[in-house]
Structure formats: C-alpha cells, structure tokens
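Residue-level structural notes
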Amino acid sequence: MTHFIPPYPKPIVKRGALIDALLRPLKFINSRYCSLSILIDRAYSMHLGEINMVTTRLYVANQPDLVKRVLVDDAENFPKSTIVADMLELLMGDSIFVSNGEVWKRQRRMMDPAFEQARIKIVFDLMLEAVVALAERLDNLAGAEVPVDVEMTHVTADIIFRTIFSKPLSAEEARVIYDAFIRFQESAYARGITGSVGFPKWVSYFGYRKAKKAAAEIRDILDPLVRVRFDSFHNGEPQTHQDILQSLISVKDEKSGTHFDFRELCEQVAMLFLAGHETSASALSWALYLLSMDQGIQERLFQETSTVLGTRPPRFSDMRKLGLARNVFSETLRLYPPVAFLPRRAAKTCPMRDKVIEAGSGVTISPWLIQRHRRYWKEPDAFDPDRFDRDETAEALRQSYLPFSKGPRVCLGASFALQEGTLILASLARRFKFDPVPGFEPKPVGRLTVRSENGIRLVVTKR
C-alpha cells in the first residue's frame, strides 16, 4: 500500500554545500533559513555525524545506543548546550527548560509536585471546556478556509492557561501570543545559531532587539497574573485556587526550605505556558493537514469517534478507546517532532564510536533525523498511523522514537500532551471535515519548533 508522503525540506546532496551554509551565519540570521534545510541526505542514515564549526566541532548522535547514552545513561556529562539558553533566555530566563546542574536539580524537585496539579484525569474537564470553545469558533468559520495553525495555538494556549491560572485565554490574548512567538522564533533561532558557529553575539544585535520586544509582549500577559497571586500568598491572604500556579507559589525546596522568588516564578510559568502549548499546537496543526491529505484515515477517524462517543461529550474513560486518534497524533509527532534538535555539550572528553569527543564540543540528538532514519523505519517519510499497531515497528518505537526526549530531562508534560492531542483530534474529526486548499502546500521550517513558514490553511466544513 502506498502512503501519503508529506512535505519536508529536501536534503542537500553535496557535503560541501552544508559546510558552506554553516560558515555563512548571515544565512541563518535571515529568517528564511532553518535547521532542517541544511541537512545532507546522508544525515538520514548515518550513526554519528561530525561538523567542523568555526571555533568548535558539532557531533550528531543518530544511533539508538548513542542517543540512550547521551540522554539517559550518561546525561550528567551531556548537559544542555548554551545554545538553548541563548535562544530562550529573553523569554524563559534560567527556567528548568534551559538550566543545568544544581540549579536544574532544585527546579526539578520543586516542579515535580507542581505537576501533580496537571495529572491527566484532574485536568480533563479543563481541556474539554477549551475544546468546546474551539468547536464553537470553528462553527462560525465553517465553509471557508481556516488558518488551523492559529486555531490550534489558541486552543492549546487556552488549555494550558486554564491549567496554570484557572481562567480561559481570550481571543485577543491568543492572537498576541501567536504573532509574538512567531517573531520570537525567527529572531531567537538566528541568535542561537550565530553563536553556535562561533561568531560573536553582536552579529545578531538587531535580531536580539526583535526577540526582546516579542518576548516582552508575551511576558506582559503572563507576569501581571503571577504578580497578583504571588503577592496574595506572601501577604498571608487565604488561597482558594487549585492550579499549577498555586502549587508553584507554595512549594518549598525540600533541601533549602525556600520558595521560588518572583523572578523564578515568572520564568517557570513562561516556560510551562510556552512549552505547554507551542509544541502541541505545532503537532496538531500538522495532524489536521495530514488528515486532510489522507481522506481514508480521516473517514476512519470519524467512524471511530462516532462509535466511541456517539453524540455525547467525551469522557476521560473514552481516551483509551480512541486508538486511531492517538496513533494519528503519535505519527504526526514522529514526522514533525515539535523540537527537531536537542543540543547538548560534552562536559568531558570521551570516546564515541570511532571518534573522540573533546570536552566542550556540541553533541546533538535529533528526533527529526532518528524518527526518519532509513535503517530503523519502514517508509520513514510516509504518513502511516497504523504502524503503531504493527509488531514490526515495536523495536523502532522503543529505540528510535523520542518526541518528548528521554531520560531525566524527559518532558514533564508528555502524558498531558498525548491526552490533549487525542481529545482535540477526536472531537474535531467527529464534528468537522477537513480538506486541503487547492494549490496550497505548507513549508516546514525548523527553528525553536517545527512550524509551517506559510501557515497551514484548510477548508473546514461541518459534518
């Protein structure tokens, strides 16, 4: 059976072209360039790649045992690269997503209890409220072209907003966040890449200013909400909320007995909000596009949701019965992992296959590459949700599937995102039909997340 092969940047055939691109950072500063467009064809079948940068070397570990070593077995010797901090510091500061060492350990000790407030059963009703609001918006847009990437950003931001703050996100706030984060991605990505090839940060000065302005627009929505609740708690006022923010405000580090201060709190909230909605929004936008291009899968999904849900609202107990919805979301995460690269740094010199990785060298794990690896996956570039139910895929799923990373830094919200994706896809497939816009094809770009450079527009009609 032939499956649909969705668009992705075609790999460079000649290695020389890659080196040329890496040594010309102005290409990266230009927002038209992305981390996916510089990949060579051999990258999709190699085990350990090596790239000579201006001042250092970068290694791409693309073999399951190497991935496990970097992310799991020897994770402390491969801390997060400073590239990540350079890209995200304006928005997330020194939050758990970018920190390392003892700072990260303290944050993790305090964040784990907070995420008890985000257990999937507890937040199901909040998710459902946001999905109902999404369906009502789409009802008003049905029969026309819809920018589904904008709508997916709204619903996922609404869900995490309700989970953190116990209140819905307005349409105006959602649009501000969507526009600001698109601008932030372009500028912050260029800043990080410029530094990674060994050039001084002043080269990306104007991009830094743009990123700073975009980050401020997002933080201007989030920080005042944090301030009111932070002051209320520390002034000894009665606390009535039971949400993630309340848990973060009240939690104490078990070793030092200290709370998060206001700056730390704002940084963690910004991280949770952005990571908690942007990655899911990216995957859901691509999932709806894939369904529009494979009408057979879309019809099967409609039949599944009609059988499981009928005409009633979804319940938490339904989630485990929606196997195809979950597989569609999981396959989308394979083809379009929201975070395409996981940059790390070698803390000490160590051997790896036939190479010696010098201390300070970059070591990158790429979900994008290993989840499309020619040696581990059958039809690696094809959209095939049923592969998740076939025995032949079991080994690849265990060894070469990591959309949420692995090891001690595995995504805190993985279960949250899987439930969210399953619920949204099932709810939308039951109520609407999605068709491609004639002549339109999205253009995947990899910056901070994998998005479509020209958006994702679909024709949405009521069933």
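The paragraphs below set out a description of the structure included in this document. (Residues numbered from 1 in each chain as written. Predicted model: local features only at pLDDT ≥ 70, side-chain atom pairs only at ≥ 80, totals over all residues. Heavy atoms only, no water.)

Across soluble globular proteins, you tend to see nonpolar side chains buried next to one another. Counting residues in hydrophobic clusters, the biggest one holds 121 residues, and the most contacted among them are Phe184 and Trp368. Apart from residues lying up to four places away in sequence, tryptophan 368 is in contact with Tyr8, Pro9, Leu36, Leu39, Tyr44, Leu335, Tyr336, Pro337, Ala340 and Val450. Grouped together as the second largest cluster of nonpolar side chains are 17 residues, Ala61, Leu71, Leu342 and Ala346 included. (Core = buried A, V, L, I, M, F, W, Y, C linked by side-chain atoms within 4.5 Å. Buried < 20%, exposed > 50% of the residue type's maximum accessible area, 1.4 Å probe, protein only. Contact = heavy atoms within 4.5 Å.)

Another aspect to go through is the sheet that holds strand E3 (residues 144-147). The strand order across the open sheet formed by three strands is E3-E11-E8, and the pairing between neighbours is antiparallel. Looking at strand neighbours, the two that pair on one side only are E3 and strand E8 (432-436), the edges of this open sheet. Recorded for the sheet is a direction-independent mean angle of 45° between the axes of neighbouring strands. Lying over the sheet, helix H11 (residues 262-293) contacts E8 and strand E11 (457-462), oriented at roughly 80° with respect to E8. (Pairing = 2+ DSSP bridges. Helix = DSSP H or I, 4+ residues; strand = E, 2+ residues; numbered from the N terminus. Axes fitted to C-alpha atoms, helices over the stretch in contact; angles between N-to-C directions.)

Before going further, it helps to examine the pattern of salt bridges. Across all of its chains, the model carries 34 salt bridges by this definition. We note a salt bridge from glutamate 50 to arginine 57, for which the minimum N-O separation is 3.0 Å. Here aspartate 381 ties to arginine 374 by a salt bridge, and the two come within 2.9 Å at their closest N and O atoms. One network of salt bridges, with partners in common, ties together Glu50, Arg57 and Lys355. (Salt bridge = Lys/Arg side-chain N within 4 Å of Asp/Glu carboxyl O.)

So, about the packing of aromatic side chains. Across all of its chains, the model carries eleven aromatic pairs by this definition. The rings of Phe4, Trp286, Tyr289, Tyr336 and Trp368 are connected pair by pair, giving a single aromatic cluster. Sitting over the ring of tryptophan 377, arginine 334 keeps its end group 5.2 Å from the ring centre. The lysine or arginine in question, arginine 372, covers the ring of tyrosine 8, its NZ or CZ lying 4.7 Å from the ring centre. (Phe/Tyr/Trp six-rings, centres within 6.5 Å; stacked < 30°, edge-to-face > 60°. Lys NZ or Arg CZ within 6 Å of the ring centre and 35° of its normal.)

Turning to the pairing of strand E7 (residues 362-365), a few remarks are in order. A regular strand places its side chains on the two faces of the sheet in alternate fashion. Going residue by residue along E7, you find Gly362 and Thr364 tucked away on one face and Val363 and Ile365 tucked away on the opposite face as well. In terms of strand pairing, strand E2 (residues 57-61) meets E7 through four bridges, oriented parallel. The residue bridging valine 60 from the neighbouring strand is threonine 364, located in E7. Judged from the four bridges that link them, strand E4 (residues 342-345) and E7 form a sheet pairing that is antiparallel. Across the sheet, proline 343 pairs through a bridge with threonine 364, a residue of E7.

With that out of the way, let us pick up helix H13 (residues 323-335). Taking 1.5 Å per residue, 13 residues should reach 18 Å; H13 reaches 18 Å between its end C-alpha atoms and fits that length. Residues of H13 that are buried include every one of Leu324, Ala325, Asn327, Val328, Phe329, Ser330, Glu331, Thr332, Leu333, Arg334 and Leu335, and no others. On its buried face, H13 is in contact with H11, helix H12 (295-309), helix H14 (367-370) and helix H16 (414-431). (Expected span 1.5 Å × (residues − 1).)

Let us look at helix H6 (residues 120-141). Counting along an α-helix, one turn takes 3.6 residues, and residues three or four places apart therefore face a common direction. The terminal C-alpha atoms of H6 lie 30 Å apart, and with 22 residues this matches the ideal 32 Å at 1.5 Å per residue to within 8%. Largest kink in H6: about 25°, centred on leucine 126. (Bend = angle between axes of the 7 residues up to and from the residue.)

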